[in-house]
Amino acid sequence: MKCWQCENEARAACRFCGRFVCKEHAKTLPTFVAMFLGGESTPKGLVVADAIWCGVCEPQPEPIGMPELF
Ligand SMILES: [Zn+2]
Ligand SMILES: [Zn+2]
């Protein structure tokens with residue numbers, strides 16, 4: 001599998017869109033991986049501080065509503 005942006009061998013897959021990127025083109029972004037209820041029913045988000053990002057796609061900061069699915 002080749003990098004999305006160049007001809008190098010890919011080293012990782014984008015956490016957000018699945019494109020493959022080489023070490024040179026891989027970037028990182030913080031991302032939420034899960035929400036859960038912590039102590040005293042406080043909602044908490046589990047965050048990965050440096051998830052692999054391809055640098056091409058545009059992850060949205062919040063989940064997008066998909067009313068057409070209902
Ligand atoms: Zn590359
Ligand atoms: Zn991506």
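Quantities reported herein were computed from a predicted structural model and do not represent experimental measurements. (Residues numbered from 1 in each chain as written. Chains lettered and ligands numbered in written order. Predicted model: local features only at pLDDT ≥ 70, side-chain atom pairs only at ≥ 80, totals over all residues. Heavy atoms only, no water.)

Asks: Which residues make up the packing of aromatic side chains, and what values go with them?
Replies: Applying the stated criterion across every chain, the model contains zero aromatic pairs. Just above the ring of W4 sits the side chain of R19; from NZ or CZ to the centre is 4.4 Å. (Phe/Tyr/Trp six-rings, centres within 6.5 Å; stacked < 30°, edge-to-face > 60°. Lys NZ or Arg CZ within 6 Å of the ring centre and 35° of its normal.)

Asks: Can you lay out the pairing of strand β3 (residues 27–37) for me, pointing to particular residues and giving the numbers?
Replies: With nine bridges joining them, β3 and strand β4 (residues 43–53) adopt antiparallel strand pairing. The residue bridging M35 from the neighbouring strand is G45, located in β4. The hairpin formed by β3 and β4 contains five residues between the paired strands, and E40 there has a positive phi angle of roughly 55°. (Pairing = 2+ DSSP bridges. Helix = DSSP H or I, 4+ residues; strand = E, 2+ residues; numbered from the N terminus.)

Asks: With reference to specific residues and values, describe the side chain of T31.
Replies: Position of T31 relative to the elements: it lies in strand β3. Overall, T31 belongs to the buried group, its relative accessible area being 10%. (Buried < 20%, exposed > 50% of the residue type's maximum accessible area, 1.4 Å probe, protein only.)

Asks: Break down the coordination of the zinc ion (ligand 2) for me, with residues and values.
Replies: At this site the zinc ion (ligand 2) is bound by C14 (SG), C17 (SG), C54 (SG) and C57 (SG), with donor distances of 2.3 Å. Note that the zinc ion (ligand 2) binds four donor atoms; their angles at the metal cover 105 to 114°, and the shape is tetrahedral. Each donor residue of the zinc ion (ligand 2) belongs to the same chain, and together they define the spacing C-x2-C-x36-C-x2-C. One end of the pair, C14, is in the loop between β1 (12–13) and β2 (20–21); the other, C54, is in the segment after β4, with 40 residues separating them in the sequence. (Donors = N, O, S within 2.8 Å, 3.2 Å for Na, K, Ca; no water. Tetrahedral: all angles 85-135°; square planar, octahedral: opposite > 155°, others 65-115°.)

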